[in-house]
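The primary structure of each chain is shown beneath.
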Amino acid sequence: MLFESSRVAFRKMTEEDVELYNGWRNDLEVMHSTSPHLDIYPLEETRSFVQQVILGSPSSKSYIVMDKETETPIGITSLINIDLKNRNAECIIDIGNKAYWGQGYGKETLRLLLDYAFLEMNLHRVSLRVFSFNEKAIKLYEKLGFRREGVSRQCLFRGGAWHDIIHMGLLQEEYLAESRKQ
């Protein structure tokens, strides 16, 4: 099946997911490693964000990540800034349900999203941004074949210190070559 793997399945995000997403978006522990803007968001502000940015953008595709066995929503993943002419997109992943952290769901989710991006959408390149202190994520991305392409130096202030944002990218041919090895 196109949008499922052994443990996770994707479904399109809908307006019914706003409250769930608002809970993740307001959990500072969840957002600490993924969002440059830590804040508290009222439900209506999240509803507007979902309608305009997530559901209303023709250049993005967002999916709720589900635990297949229990049908529990565990996170959100997206391809954003999709440029079909140049076959590029940026990917985002947030495992918002902390009970699923550290169990390989992020890797499985990202692999499923990359399969979709490269094998179905025929994208040439997928990029991402990661905070320099998020070492687990960096190792995961490198394991999947992403390469460091650049750094925005000291552009994130978190925990009383400045941190870099690392820019990484993965080409379709690199992903396919890495997939054949596994």
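Residues numbered from 1 in each chain as written. Predicted model: local features only at pLDDT ≥ 70, side-chain atom pairs only at ≥ 80, totals over all residues. Heavy atoms only, no water.

Chemist: Can you explain the environment of Glu-45? Please cite residues and give values.
Modeler: Here Glu-45 lies in helix α3 (residues 43–54). Placed 41 residues apart in sequence, Glu-45 and Asn-86 show a C-alpha to C-alpha distance of 33 Å. (Helix = DSSP H or I, 4+ residues; strand = E, 2+ residues; numbered from the N terminus.)

Chemist: Can you lay out the side chain of Glu-108 for me, pointing to particular residues and giving the numbers?
Modeler: Tracing the sequence through the fold places Glu-108 in helix α4 (residues 105–120). Relative accessible area serves as the criterion here: at 15%, Glu-108 is assigned to the buried category. Side chain to side chain, Glu-108 and Ser-5 meet in a polar contact 2.6 Å long. A distance of 3.1 Å separates polar atoms of two side chains, one belonging to Glu-108 and the other to Ser-6. Look past the residues within four positions of Glu-108 in its chain and what remains in contact with it is Ser-5, Ser-6, Arg-7 and Val-8. (Buried < 20%, exposed > 50% of the residue type's maximum accessible area, 1.4 Å probe, protein only. Polar contact = N/O pair within 3.5 Å; in protein donor to acceptor, adjacent residues only side chain to side chain. Contact = heavy atoms within 4.5 Å.)

Chemist: Tell me about the pattern of salt bridges, and name the residues and values.
Modeler: All told, the structure shown has ten salt bridges when counted by the stated rule. A salt bridge links Lys-68 to Glu-4; its shortest N-O distance comes to 3.3 Å. Residue Lys-68 is found in the loop between β2 (61–67) and β3 (72–83), and its partner Glu-4 is found in the segment before β1 (8–12); the two are separated by 64 residues along the sequence. You can call Glu-4 partly exposed: its relative accessible area is 33%. (Salt bridge = Lys/Arg side-chain N within 4 Å of Asp/Glu carboxyl O.)

Chemist: Explain the side chain of Glu-174 to me, and be specific about the residues and the numbers.
Modeler: Mapped onto the secondary structure, Glu-174 falls in helix α6 (residues 172–181). Once residues lying within four places of it in the same chain are set aside, the contact partners of Glu-174 are Gly-145 and Arg-147.

Chemist: Outline the sheet that holds strand β4 (residues 88–95), supporting the account with residue identities and numerical values.
Modeler: The seven strands are arranged β1-β2-β3-β4-β5-β7-β6 in an open sheet whose pairing can be described as mixed. Two strands bound the open sheet, and with one partner strand each, they are β1 and β6 (147–158). Across this sheet, the average inter-strand angle for adjacent strands is 25°, counted without regard to direction. As defined by bridge partners, strand β5 (residues 125–131) adjoins strand β7 (residues 161–171) across seven bridges and the pair is classed as antiparallel. Bridge pairing in β7 places Val-130 opposite Ile-166. (Pairing = 2+ DSSP bridges. Axes fitted to C-alpha atoms, helices over the stretch in contact; angles between N-to-C directions.)

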